[in-house]
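A look at the structure
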Amino acid sequence: MNKIVKFTNATVGGDSQISDDGTFVHVGFATPPSIGSYKLASNGNINIVNGQLGLFNSSNQFQGYLYNPSAGSLQLGLASGSTGTLSFYNSAQAMTIFNTGKIAIGSLTPNATKLEIQGTGYYGAALGLRNTTSTTGNEWSIGSQDNGNLSFTKVSGTTTTNVSISPEGYVGIGDLTPDASLDVEGTVKIGATGTSFT
């Protein structure tokens, strides 16, 4: 591993913290590690001041950038005119932002909506809403269920699906599988002073 020369005076050079083996560049390592397909490894922070980090593909075409436009701001962007995507991974593709402004979570092909959540299982395609008030706050889930229904479920404490809407337009209150326009399991009260009945 060759060290880049650091001059200690006008005529004397010594080893710098940068090493280059012709393929990979390492900064700050006494013994450079294996870095796989990455070209640069740093043992410490990398600071970019008044500039941006450009991202290029294997054909050396500019694809995007990471930039600090002002104090406290961070901008991650695609190249101007790009039709590509920004994707976030956690062993698998977890979220994708499309050049159209659409965001897909668990989905690679969002439809008409600006935000799409896709998955399987009871909470696989659900939006969670949590109020953190210590004594009265609850967590709710609005989700697309495996049986095709849209459900409103209280998640905190004992999980309870309160409202379910079927693809046919049937609404179930306390009923997970409604089979009428309004299907209520429990007591119904009509009007503030009306009679309750089951």
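Keep in mind that this is a model prediction, so the values were computed, not measured.

**Some details on a nonpolar patch on the surface**
On the surface, a cluster of nonpolar side chains totalling about 820 Å² of accessible area is made up of Leu40, Ile46, Ile48, Leu53, Leu55, Leu66, Leu74, Leu76 and Phe88. By secondary structure assignment, the location of Ile48 is in the loop between strand E4 (40–42) and strand E5 (52–56).

**Focus: the confidence of the model for the chain**
On average, residues of the chain score 84 in pLDDT, and 97% of them are at 70 or above. Mean pLDDT across the elements of the chain ranges from a minimum in strand E19 (residues 196–197), with 71, to a maximum in strand E16 (residues 171–173), with 94.

**What to know about the pattern of salt bridges**
Summed over all chains, the structure comprises one salt bridge. Glu139 is the salt-bridge partner of Arg130, the closest N and O atoms lying 2.8 Å from each other. Look at Arg130 and you get exposed, because its relative accessible area is 61%. Judged by its relative accessible area of 22%, Glu139 falls in the partly exposed class.

**Here we look at the pairing of strand E14 (residues 150–154)**
Only one face of E14 is buried: it carries Ser151 and Thr153, and the other face, with Leu150, Phe152 and Lys154, is open. The hairpin formed by strand E13 (residues 139–144) and E14 contains five residues between the paired strands, and Gly148 there has a positive phi angle of roughly 95 degrees. Judged from the five bridges that link them, E14 and strand E15 (residues 160–165) form a sheet pairing that is antiparallel. Across the sheet, residue Leu150 finds its bridge partner in E15, namely Ile165.

**Digging into the packing of aromatic side chains**
For any pair of aromatic rings, geometry is given as the distance between the ring centres together with the angle between the planes. This structure, assessed with the given rule, holds one aromatic pair. Between Phe56 and Phe62, the aromatic rings sit 5.4 Å apart at their centres with planes inclined by 55 degrees, giving tilted as the arrangement. On the basis of relative accessible area, Phe62 is assigned to the partly exposed category, the value being 36%.

**Topic: the sheet that holds E13**
The six strands lie next to each other as E12-E13-E14-E15-E16-E17, forming an open sheet whose pairing is mixed. Where the open sheet ends on each side, the last strands, each with one partner, are strand E12 (126–130) and strand E17 (182–184). Taking the axes of each pair of neighbouring strands and ignoring which way they run, one obtains an average angle of 15 degrees across the sheet. Where E15 lies against E16, three bridges are found, and the strand directions are antiparallel. Counterpart to Val163 in the pairing with E16 is Ile173.

**Things to note about the environment of Ile190**
Take Ile190: it is sitting in the loop between strand E18 (188–189) and E19. Here Ile190 falls in the exposed class, since its relative accessible area comes to 57%. Distance from Ile190 to Leu108, taken between C-alpha atoms, is 46 Å for residues 82 residues apart in sequence.

**A look at the sheet that holds strand E11 (residues 115–117)**
Read from one edge of the open sheet, four strands run E8-E9-E10-E11, paired in mixed fashion. Both outer strands of the open sheet, strand E8 (85–89) and E11, are each paired with one neighbouring strand and no more. If you compare each strand with its neighbour and ignore which way they point, the axes differ by 15 degrees on average. Where E8 and strand E9 (residues 93–98) come together, five bridges link them in antiparallel fashion. Paired with Tyr89 across the bridge in E9 is Gln93.

Calculation rules
- Residues numbered from 1 in each chain as written.
- Predicted model: local features only at pLDDT ≥ 70, side-chain atom pairs only at ≥ 80, totals over all residues.
- Heavy atoms only, no water.
- Patch = residues over 30% accessible without salt bridge, like charges linked within 9 Å, V, L, I, M, F, W, Y side chains within 5 Å.
- Areas by Shrake-Rupley, 256 points an atom, 1.4 Å probe, with all protein chains shown as cover.
- Salt bridge = Lys/Arg side-chain N within 4 Å of Asp/Glu carboxyl O.
- Helix = DSSP H or I, 4+ residues; strand = E, 2+ residues; numbered from the N terminus.
- pLDDT = per-residue confidence, 0-100.
- Buried < 20%, exposed > 50% of the residue type's maximum accessible area, 1.4 Å probe, protein only.
- Pairing = 2+ DSSP bridges.
- Phe/Tyr/Trp six-rings, centres within 6.5 Å; stacked < 30°, edge-to-face > 60°.
- Axes fitted to C-alpha atoms, helices over the stretch in contact; angles between N-to-C directions.

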